[in-house]
Amino acid sequence: MGIKQVLRMGNASLASPAMRVQEFSANVLNNIIDDMADTMQEEGGVGIAAPQIGFHLRIIMFGFEANARYPDEEAIPFTVLINPTIEILSNELIEGWEGCLSVPGMRGLVPRYHRIRYRGQDPHGLTIERTVEGFHARVVQHEYDHLDGILYPERIQNLKNFGFEEELRSRIWPTKESI
Ligand code: NI
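Predicted, not measured: the structure shown is a model, and the values here were computed from it.

Peer 1: Sorry if this is basic, but what is going on with the coordination of the nickel ion here?
Peer 2: As a benchmark, a tetrahedral metal site with four donors has ideal angles of 109.5 degrees, while an octahedral site with six donors has ideal angles of 90 or 180 degrees. The coordination sphere of the nickel ion, as far as protein atoms go, consists of Cys100 (SG), His142 (NE2) and His146 (NE2), spread over 2.1 to 2.3 Å. Along the chain, the residues donating to the nickel ion fall in the pattern C-x41-H-x3-H. With Cys100 in the loop between β4 (93-98) and β5 (106-113) and His146 in helix α2 (residues 134-147), the pair connects residues that are 46 residues apart, well separated along the chain. When its relative accessible area of 2% is taken as the criterion, His146 is described as buried.

Right under this line is the structure:
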């Protein structure tokens, strides 16, 4: 229970599809979700997927009020989604800088759909359905990709737009001197 080690890119567990959650057995599920929340908070992430801490299940979590890793973005309500699905509502792709707890210290420019509808179940088995856009849509697409064994560097179209966060600082946050 508690903070887990986040698996890093190259670990085989991050590269294969996760299994659907079949049973909403409160104890098992709650322990996994608690570990995800503790780890996400400890690492300062805006989202995390169960496979990142070694649980090969289709569970994602995201949300923040304010986050040092993404200082310019609007808040996203804290959400746990089990067996999520995504429907693309606009074919418009927007590029934005992403990082990932499994790819520490790096950032990349990743195209994501601007507007999506996502559905899934909360830990009590109740359905969550939301239509979102922008950064909220980006975060959900990023976390969802983890469930299919995809990490964001695989989505980068030009690898010149991938590198160490410290080196890319002036491109990611052109108006900020430091954060
Ligand atoms: Ni990630």
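Next comes the rest of the description.
Peer 1: Is there a simple way to think about α2 in this case?
Peer 2: With 14 residues, α2 extends 21 Å between its outermost C-alpha atoms, agreeing within 8% with the 20 Å of an ideal straight helix rising 1.5 Å per residue. Here α2 lies mainly inside the structure; 13 of its 14 residues are buried.

Peer 1: I would appreciate a short explanation of the pairing of strand β7 (residues 127-133) in the present structure.
Peer 2: Note on strand geometry: in a regular strand, side chains alternate between the two faces of the sheet. When strand β6 (residues 115-121) meets β7, the two strands line up antiparallel, connected through seven bridges. Opposite Ile116, over in β7, you have Val132 as the bridge partner. Linking β6 to β7, which pair antiparallel, is a turn of five residues; within it Gly125 sits at a positive phi near 90°.

Peer 1: Whenever I open this one, the nonpolar core confuses me. Can you help?
Peer 2: The tendency in soluble globular proteins is for nonpolar side chains to be buried side by side. Membership of the largest hydrophobic core comes to 17 residues, with the highest contact counts inside it found for Phe62, Tyr118 and Phe135. Going through the elements one at a time, β2 (59-64), β3 (76-88), β6, β7 and α2 are the ones with two or more residues in this core. A total of five residues in this core trace back to one element, the largest contributor, which is α2. When near neighbours in sequence (up to four residues on either side) are disregarded, Phe135 contacts Val46, Phe64, Tyr70, Glu73 and Ile76.

Peer 1: In this structure, what is going on with the side chain of His142? I would like to understand it.
Peer 2: Considering the arrangement of structural elements, one finds His142 in helix α2. Ignoring any residue separated from it by four or fewer positions in sequence, one finds His142 in contact with Glu98, Gly99, Cys100, Arg112 and Tyr152.

Peer 1: How do you make sense of the sheet that holds β5 when you look at a structure like this?
Peer 2: Note: strands within a sheet are paired through backbone hydrogen bonds, in either parallel or antiparallel orientation. Pairing within the open sheet is antiparallel, and its three strands lie in the order β4-β5-β8. Since the sheet does not close on itself, it has two edges, and those belong to β4 and β8 (162-164), each with one partner. Direction aside, the axes of adjacent strands within the sheet are offset by 25° on average. With three bridges joining them, β5 and β8 adopt antiparallel strand pairing. When the bridges of β8 are listed, Gly108 appears paired with Phe162. Packing of α2 onto the sheet brings it into contact with β4 and β5, and relative to β5 it is tilted by some 105°. Contacting β4, β5 and β8, helix α3 (residues 165-172) crosses the sheet at an angle of about 120° to β8.

So, how was this worked out
Residues numbered from 1 in each chain as written. Predicted model: local features only at pLDDT ≥ 70, side-chain atom pairs only at ≥ 80, totals over all residues. Heavy atoms only, no water. Donors = N, O, S within 2.8 Å, 3.2 Å for Na, K, Ca; no water. Helix = DSSP H or I, 4+ residues; strand = E, 2+ residues; numbered from the N terminus. Buried < 20%, exposed > 50% of the residue type's maximum accessible area, 1.4 Å probe, protein only. Expected span 1.5 Å × (residues − 1). Pairing = 2+ DSSP bridges. Core = buried A, V, L, I, M, F, W, Y, C linked by side-chain atoms within 4.5 Å. Contact = heavy atoms within 4.5 Å. Axes fitted to C-alpha atoms, helices over the stretch in contact; angles between N-to-C directions.

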